[in-house]
Amino acid sequence: MRVAVFSTKPYDRQFLTEANVGFGHELVFFEPRLDRTTAPLADGFPAVCVFVNDYLDRALLTDLAARGMRLVALRCAGFNNVDLVAAGELGIEVVRVPAYSPHAVAEFTVALLLALDRRIPRAWARVRDNNFSLDGLIGTDLFGKTVGVIGTGRIGALVARCLKLGFGCRVLAHDQSHDPALVEIGIEYRSPTEIVAEADILTLHCPLTPETHHIVDAEAIARARPGFLLVNTSRGALIDAQALVEGLKSGKVGGVALDVYEQEADLFFEDLSNEIIQDDVFQRLLTFPNVLVTGHQAFLTAEALGAISATTLGNIAAFEAGKPLDNRVEAAAVSAY
Ligand code: NAD
């Protein structure tokens, strides 16, 4: 099938091309994101393949449908960036990669937590400058700390398990469905209110939905333990970034590690080192010594990229063959967002 592949970096092209040997799709790679201005590149393609920061709203989907596009193949698990209601009305199928390597994201989450808590980036920068002072590098033991895990799906469950069994943390979790395997190892399901009040460390692993938008806001921060650490590798808009800045300024928030940011579409995946960043909230976040930001790289392992490519191309092949779409995203799964 002819596929217009947007938001591609060299690593995307490499892994998709390697995986395509078994499929034989005609993949045409485009570096820019898919938006109203780049939509003409997809003219005549029956399928587009996109990533997390390609926002396919009703207007863009309508434009693409008029150009003959019938399939959106997401190279990611999250689907908050596609208006599924509009897609359904336009007869466009949307498929995704529900699971590629939860280990990639879970392991990165724990890495961020350790790096934040033990001040590893600060230490590394000092040593590079022949500054071997330890002032300001005091961390805390994770052992015995209370960790709140919001969302215990594929990724959250691995993080919870690692922190409970590997580090000896007390783990409190919240999810609509309780994972019996986690309960069995002593993880306690609680309400979000209880978790926020008790957690020394809060880590977010739920999807972005209208319900979870700004789940960490000024009110939640006010109710949290003073000096708590916050980790977010899920979706940026789970956190109200302005409220986070205020929480950091007051010292209520003890430290933050983010792999995602609400306005990341304007920033991440690009080299902006010669640009003036216009996002004042993001720039303020970067000024805190206890904030660690990475540019949405938690998924970036060879295993995950290989699995994403294979599943995406398989999804496209199933659509082309008129087979049932196992990884179809149902319009009813979430309201337009
Ligand atoms: P998953 O669907 O397996 O798990 C999500 C869990 O969140 C489910 O168990 C669901 O019941 C739960 N949930 C839904 N609403 C909730 C709420 N209001 N409160 C608490 N729990 C709620 O998804 P996953 O594979 O574990 O991925 C989790 C998230 O991680 C994705 O939604 C995606 O946004 C993000 N992600 C980020 C990266 C990255 O590179 N940073 C990579 C992959 C996924």
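As the structure is a prediction and not an experimental result, all values here were calculated from the model.

Cut-off values and rules
Residues numbered from 1 in each chain as written. Predicted model: local features only at pLDDT ≥ 70, side-chain atom pairs only at ≥ 80, totals over all residues. Heavy atoms only, no water. Helix = DSSP H or I, 4+ residues; strand = E, 2+ residues; numbered from the N terminus. Expected span 1.5 Å × (residues − 1). Buried < 20%, exposed > 50% of the residue type's maximum accessible area, 1.4 Å probe, protein only. Arc of directions from axis to C-beta. Near = heavy atom within 4 Å. Polar contact = N/O pair within 3.5 Å; in protein donor to acceptor, adjacent residues only side chain to side chain. Areas by Shrake-Rupley, 256 points an atom, 1.4 Å probe, with all protein chains shown as cover. Nonpolar A, V, L, I, M, F, W, Y, C, P; charged D, E, K, R; others polar. Phe/Tyr/Trp six-rings, centres within 6.5 Å; stacked < 30°, edge-to-face > 60°. Salt bridge = Lys/Arg side-chain N within 4 Å of Asp/Glu carboxyl O. Pairing = 2+ DSSP bridges. Axes fitted to C-alpha atoms, helices over the stretch in contact; angles between N-to-C directions. Contact = heavy atoms within 4.5 Å. Domains from an automatic or database assignment. Buried area = accessible area lost by both parts, 1.4 Å probe.

(A) Seen up close, helix H6 (residues 154-166). The terminal C-alpha atoms of H6, which comprises 13 residues, lie 18 Å apart, in line with the 18 Å expected from a rise of 1.5 Å per residue. Those residues of H6 that sit buried are Gly156, Ala157, Val159, Ala160 and Leu163. In a view along the axis of H6, the buried residues occupy a sector of 165°, so they form one face of it. Opposite the buried face of H6, at more than 90 degrees from it, the exposed residues are Leu165 and Gly166. Of the residues one or two after H6, glycine 168 is the one with positive phi, at around 75°.

(B) The arrangement of the site of the ligand in detail. Taken together, 23 residues surround the ligand, and among them Tyr100, Arg154, Ile155, Asp175 and Thr233 come closest. One of the side-chain nitrogen or oxygen atoms of glutamine 176 is found 3.2 Å away from a nitrogen atom of the ligand. Contact distances for the ligand include 2.9 Å between a nitrogen atom and a backbone N or O atom of threonine 233. The protein chains hide 87% of the 860 Å² of surface that the ligand would expose on its own. Of the residues in the shell around the ligand, the class split is eight nonpolar, ten polar and five charged.

(C) Spotlight on unusual backbone geometry. Positive phi values are uncommon outside glycine, yet asparagine 130 reaches one of about 55°. Although it is not a glycine, histidine 214 adopts a positive phi angle of roughly 55°. The residue histidine 214 is located in the loop between strand E9 (201-204) and helix H9 (218-223) in this model.

(D) Main features of the packing of aromatic side chains. Tallying each qualifying case throughout the model produces six aromatic pairs. An angle of 85° between the planes, with centres 6.4 Å apart, marks the rings of phenylalanine 30 and phenylalanine 45 as edge-to-face. Of this pair, phenylalanine 30 sits in the loop between strand E2 (26-29) and strand E3 (47-50) while phenylalanine 45 sits in the loop between E2 and E3, and the two are 15 residues apart along the sequence. Assigned by exposure class, phenylalanine 30 and phenylalanine 45 land together as buried. Arranged with centres 5.5 Å apart and planes meeting at 55°, the rings of phenylalanine 51 and phenylalanine 269 form a pair that is tilted. Highlighted residues: phenylalanine 51 in the loop between E3 and helix H2 (58-66) and phenylalanine 269 in the loop between strand E11 (253-258) and helix H11 (280-287), separated in sequence by 218 residues.

(E) Molecular detail of the environment of glycine 91. The topology assignment puts glycine 91 in the loop between helix H3 (84-89) and strand E5 (93-95). Put simply, glycine 91 and histidine 213 are 122 residues apart on the chain and 28 Å apart in space, counted from C-alpha to C-alpha.

(F) Representation of the pattern of salt bridges in the model. The tally for this structure, following the rule as stated, stands at 15 salt bridges. With a closest N to O distance of 3.3 Å, glutamate 26 and arginine 2 form a salt bridge. Residue glutamate 26 is located in strand E2, and its partner arginine 2 is located in strand E1 (residues 2-5); the two are separated by 24 residues in the primary sequence. With a closest N to O distance of 3.9 Å, aspartate 63 and arginine 36 form a salt bridge.

(G) Highlighting the sheet that holds E3. Reading across from one edge, E2-E1-E3-E4-E5 is the order of the five strands in this open sheet, with parallel pairing throughout. The open sheet has two edge strands with one neighbour each: E2 and E5. Direction aside, the axes of adjacent strands within the sheet are offset by 20° on average.

(H) Structural context of the sheet that holds strand E8 (residues 188-189). The parallel open sheet is built from seven strands, whose spatial order is E8-E7-E6-E9-E10-E11-E12. The outermost strands of the open sheet, each flanked by one partner alone, are E8 and strand E12 (291-293). Taken strand by strand, helix H4 (residues 102-117) contacts E9, strand E10 (228-232), E11 and E12, and its axis lies near 145° from that of E10. Against the sheet, helix H10 (residues 241-250) touches E10, E11 and E12, its axis set at about 140° to E11.

(I) Layout of the domain arrangement of the chain. Per the domain assignment, the segments of the chain are domain 1 (2-100 + 301-335) and domain 2 (102-293). Once you take the C-alpha centre of each, domain 1 and domain 2 turn out to be 29 Å apart. On the domain 2 side, the residues contacting the 16 residues of domain 1 number twelve residues. Taken as a group, Lys9, Asn53 and Asn80 account for 35% of the area that domain 1 buries against domain 2, more than any other trio of residues on that side. For the interface between domain 1 and domain 2, the tally reads one salt bridge. For glutamate 270, the salt bridge identified is with lysine 9, shortest N-O distance 3.0 Å. For the pair domain 1 and domain 2, the number of links is six residue pairs in polar contact (both at pLDDT 80 or more). Looking at side-chain class alone, the side of domain 1 that touches domain 2 contains nine nonpolar, five polar and two charged residues.

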